[in-house]
Amino acid sequence: MDRSEPHTPILVFDSGIGGLTVLAQLRLLLPQAPVIYAADMAGLPYGAKSEAEVAARVAGLLGRMAERYQPRLICLACNTASTIALGMVREVLETPIVGTVPAIKPAAALTKSGTFGLLGTEATMRQAYVDELERDFAQGKVLLRHGANGLVALAEAKLRGESVSVDAVARETKGLVLQQGGDTIDTVVLACTHFPLLTDELRAAFGESITFLDGSEGIARRIVALTQGQAFERSRSDFAVTTGDLADFKALAPAFAAQKITRLERF
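The shown structure was predicted, so the numbers you read here are calculated from the model rather than taken from an experiment.

### Let's talk about the overall build of the chain
Check the secondary structure of the chain and you find twelve helices and ten strands. The C-alpha atoms of the chain give 18 Å as radius of gyration, which agrees with the globular expectation for 267 residues (18 Å, within 12%). With the C-alpha coordinates aligned to their principal axes, the bounding extent of the chain is approximately 55 × 40 × 35 Å. Expressed as a percentage of its 267 residues, the buried residues of the chain come to 54%. Across the chain, the fraction of contacts at a sequence separation of at least 24, relative to all contacts at a separation of at least 6, is 75%. Distance between charge centroids for the chain: 3 Å, based on 27 positive and 30 negative side chains.

Here you go:
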């Protein structure tokens, strides 16, 4: 497939359906862009896996997907996968790749108390890339981190129409505010694309005084910049693929329909 053709898709990849938060922003900026959404539901969750497992899985899947779908650009809409495997995937694929990184820079500029929080998966929290972002952009500020793997399952459950309580979200995140200095946090970075799906519950758990930031808008703007001047035309319906059970995936049909994706398939 010629990447310059208007119908050539953008591939949005995530371990689950957190990447829909990125897709929503992309739809606002590039409404005509053809999209394939790929969810590695068989590999979910990434946050509890080792770095070696995540790197091998993401590189292997994206290689096969790039060969099959020939996308003009791949959006790695997963913080865990990006902080671990982005460099490796860029080395082996010719397709332009946009990764997802924690919004530490804008949060450091925004905090008024000087203390801000970072919520992500446990795997993301321990990456050297996060250390580098803190060193480069949070000088003189205090960054408190907490790995909240359980929020991924809660976000997936919410999109399936299941009830998610504020108490459940509070239990998963209390480790952030219970740290020394946690009571002075005024800004929280949501360093997992699943987490913005729980913004209402997070706001109720943390209180209205907390500002939440995520990287979805910046990612969408980066995709726009890299595809500047390219033509877009949707010649067929956008679709989503899963590496997991298709019947289970179809339980998420309403969430995909909200982003104009009505075809759900097994990869």
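Structure's up, so let's keep going.
### Side note on unusual backbone geometry
In this structure, Pro-45 follows Leu-44 across a cis peptide bond, with omega equal to 0°. Structurally, Pro-45 can be placed in the loop between β2 (35–39) and α2 (51–69). A positive phi is found at Gln-70, a non-glycine position, where the angle reads about 50°. Of note, Gln-70 is situated in the loop between α2 and β3 (73–76). Unusually for a residue other than glycine, Lys-260 sits at a positive phi of about 65°. Among the structural elements, Lys-260 can be located in the loop between α12 (253–257) and β10 (263–266).

### Structural notes on the pairing of strand β7 (residues 187–190)
Here β7 shows no split at all, with Thr-187 and Val-189 on one side and Val-188 and Leu-190 on the other all buried. As defined by bridge partners, strand β5 (residues 115–120) adjoins β7 across four bridges and the pair is classed as parallel. When the bridges of β7 are listed, Gly-117 appears paired with Val-188. Looking at chain direction, β7 and strand β8 (residues 211–213) are connected through three bridges and run parallel. Bridge pairing in β8 places Thr-187 opposite Thr-211.

What counts and what doesn't
The residue numbering used here restarts from 1 in each chain and proceeds along that chain's sequence as written. Only residues with pLDDT of 70 or above have their local features reported here, since the model is predicted, and side-chain atom pairs are shown and tallied only from 80 upward, although totals for entire chains, interfaces and linings are computed over all residues. The side-chain values count all of the structure's non-hydrogen atoms but skip hydrogen atoms and water molecules. Elements are defined by DSSP. Helices are runs of H or I of four residues or more, strands are runs of E of two residues or more, and each kind is numbered from the N terminus. C-alpha atoms define the radius of gyration in this analysis, and the globule rule sets the expected value at 2.2 Å times the number of residues to the power 0.38. Three exposure classes are used, based on accessible area relative to the maximum for each residue type with a 1.4 Å probe and protein chains only: buried under 20%, partly exposed in between, and exposed over 50%. The contact criterion used is simple: two residues touch if any of their non-hydrogen atoms lie within 4.5 Å. Working convention for charge: Lys and Arg count positive, Asp and Glu count negative, and His plus the chain ends are omitted. To locate a charge, take atom NZ for lysine, CZ for arginine, CG for aspartate or CD for glutamate. DSSP calls a pair of strands paired once it identifies at least 2 bridges connecting them.

Functional significance is not addressed by these values, which are geometric in nature.
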